[in-house]
Amino acid sequence: MVNIVILTGAGISAESGLKTFRAEDGLWENHPVEQVATPEGFARDPDLVQRFYDERRAQIRAAAPNAAHKALGRLEREFDGNLLLVTQNIDDLHERGGATQTLHMHGEALSAWCLSCDTRHSWSTTLRDSPQCPSCGDAALRPDIVWFGEMPYQMDRIFDALSRADLFVSIGTSGAVYPAAGFVQQASANGARTLELNLERSAGSHLFDETRLGPASELVPTWVDEMLAGD
C-alpha cells in the first residue's frame, strides 16, 4: 500500500484571497510578526493580538476553498492507500474542500485554547471581549495558534509518517520555515520520492526530485488526476 505525506503552505490558500503569512517587508497584515505571533507579544498586548486574530477569523470565514483544496479532498476520498495531509495554514479551507483528516501543525484560527484547563474549543467569533471558557468558566482563552518559539503540533505523528512515506509532496510552501522546511530531507532520507508544486521555486526546491511551477489551483487537480488514474 502506497504511503503519501502532503504538506501545504500559504500558497494553496492565496488563490482563495488569504494572504501569505509574512510579506517581504517582514510584516503580517501591517504588523511586525513579533507583535502578533509570539507569546511575548501576547503577554505585552493581549488586546492587539486578540483583535488581530479576530480579523483573521473573519477573513477565513469569508473565503472559499479553491480547486486545489477540493482536489485534495477528492484524493483523500478516492485514494486507495495511506494519506496524511499536513498543513501549515491556520484556515479551514482544506476541511471545507472535503478533507476530513487534516493535521494543522501550526494550529487553527477557528479554535480557542484555554490556558487554565488546557482544553480547545471551536471558535468562530471574537476573543477580544475575554469570553469564558465553556469547560472551566475562566476568561483565559487565546487563539489556538502555534506562535514563534512554540512547538508545532503532533510532530511525532508527522515524523512517523515521513519515515514510512513512499511519496512526499509539498504544495505552496516557502521552504524557509522550520521544522516543515526539513520534511523533504526527512522523507528523502527514508527513500521517498519527493515532489514540489509551487507558484515559483522555493528555498528548498533543489532538495526535491521534481518541481512543477504554476498556480496551485491548476497543478494540484492535474496531479490528483494522475495519482488516481494510476491508483
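Residues numbered from 1 in each chain as written. Predicted model: local features only at pLDDT ≥ 70, side-chain atom pairs only at ≥ 80, totals over all residues. Heavy atoms only, no water.

The protein is annotated in an unreviewed UniProt entry as NAD-dependent protein deacylase of Aurantiacibacter gangjinensis. UniProt, in the comment section headed Subcellular location (unreviewed entry), describes the protein in these words: "Cytoplasm". Its UniProt record, at the heading Sequence similarities (unreviewed entry), says of the protein: "Belongs to the sirtuin family. Class III subfamily." (UniProt positions renumbered as here; feature names shortened; annotations may be inferred.)

Student: Which residues make up the sheet that holds strand β11 (residues 210-213), and what are the values?
Tutor: Taking strand neighbours across the sheet as the criterion, the 6 strands line up as β5-β4-β1-β9-β10-β11 in an open arrangement whose pairing is parallel. Each end of this open sheet is capped by a strand with a single partner; those strands are β5 (103-104) and β11. Two elements, strand β1 (residues 3-8) and strand β9 (residues 167-171), share 5 bridges in a ladder whose sense is parallel. Across the sheet, the residue bridging to I6 is V169, located in β9. (Pairing = 2+ DSSP bridges. Helix = DSSP H or I, 4+ residues; strand = E, 2+ residues; numbered from the N terminus.)

Student: An account of the UniProt feature "active site" (unreviewed entry) in the protein is requested, with residue identities and associated values reported.
Tutor: Under the feature "active site" (unreviewed entry), the UniProt entry names H106. Inspection of the secondary structure assignment puts H106 in the loop between β5 and β6 (107-114). Taking relative accessible area as the criterion, H106 reaches 16% and is therefore assigned buried. Leave out the neighbours within four places in its chain, and H106 touches T87, Q88, I90, D144, I145, V146 and P152. A distance of 3.3 Å separates a polar atom in the side chain of H106 from the backbone oxygen of Q88. (Buried < 20%, exposed > 50% of the residue type's maximum accessible area, 1.4 Å probe, protein only. Contact = heavy atoms within 4.5 Å. Polar contact = N/O pair within 3.5 Å; in protein donor to acceptor, adjacent residues only side chain to side chain.)

Student: Give a detailed account of the pairing of strand β8 (residues 141-145), specifying residues and quantitative values.
Tutor: Among the 5 residues in β8, 5 count as buried, and that is most of the element. Bridging between β6 and β8 involves 5 bridges; their strand directions are antiparallel. Its bridge partner being in β8, G107 is matched across the sheet by I145.

Student: Residues and numbers for empty space enclosed by the protein, please.
Tutor: Summed over the entire model, instances satisfying the criterion amount to 1 cavity of 30 Å³ or more. Looking at the largest cavity, it is lined by 15 residues, and the ones nearest its centre are S170, T173, G175, A180 and A181. Residue composition of the lining of the largest cavity, grouped by class: 9 nonpolar, 6 polar and no charged. (1 Å grid on protein atoms, 1.4 Å probe; cavity = no way out; pocket = protein on both sides within 12 Å on 5 of 7 lines; lining within 4 Å. Points joined across faces, edges and corners; volume = space filled by probe spheres on them. Nonpolar A, V, L, I, M, F, W, Y, C, P; charged D, E, K, R; others polar.)

Student: Go over the packing of aromatic side chains, please, and point to the residues and values.
Tutor: Across all of its chains, the model carries 5 aromatic pairs by this definition. Residues F42 and W147 carry aromatic rings whose centres are separated by 5.4 Å and whose planes lie at 45 degrees to one another, so their mutual orientation is tilted. With F42 in helix α3 (residues 39-44) and W147 in the loop between β8 and α7 (155-164), this pair connects stretches of sequence that are 105 residues apart. Summarising the burial analysis for this pair, F42 and W147 share the class buried. Geometrically, the ring pair formed by F52 and Y53 is edge-to-face, given 5.1 Å between the ring centres and 80 degrees between the ring planes. Here F52 falls in the buried class, since its relative accessible area comes to 1%. (Phe/Tyr/Trp six-rings, centres within 6.5 Å; stacked < 30°, edge-to-face > 60°.)

Student: Mind laying out the packing of helix α5 (residues 67-78) against helix α9 (residues 216-229), listing which residues take part and the relevant values?
Tutor: For the pair α5 and α9, the least separation of the axes is 7 Å and the interaxial angle reads 15 degrees. For the element pair α5 / α9, the angle class is roughly parallel. Between α5 and α9 the crossing geometry is left-handed. In this structure, α5 uses A67, A68, A71, L72, R74, L75 and E78 to contact α9, whose residues at the interface are A216, S217, V220, P221, W223, V224, D225, M227 and L228. (Axes fitted to C-alpha atoms, helices over the stretch in contact; angles between N-to-C directions. Parallel < 35°, antiparallel > 145°, perpendicular 65-115°, else oblique. Left-handed = near helix turned anticlockwise from the far one by under 90°.)

Student: Quick one: what's the story with the pattern of salt bridges, residue by residue and with numbers?
Tutor: Evaluated as defined, the whole model comprises 13 salt bridges. Between E78 and R74 there is a salt bridge whose closest N-O contact spans 3.4 Å. Here R74 and E78 lie together in helix α5, a separation of 4 residues that amounts to about one turn. For R212, the salt bridge identified is with E210, shortest N-O distance 2.8 Å. Connected through salt bridges with shared partners, the residues R193, E210, R212 and E226 form a single ionic network. (Salt bridge = Lys/Arg side-chain N within 4 Å of Asp/Glu carboxyl O.)

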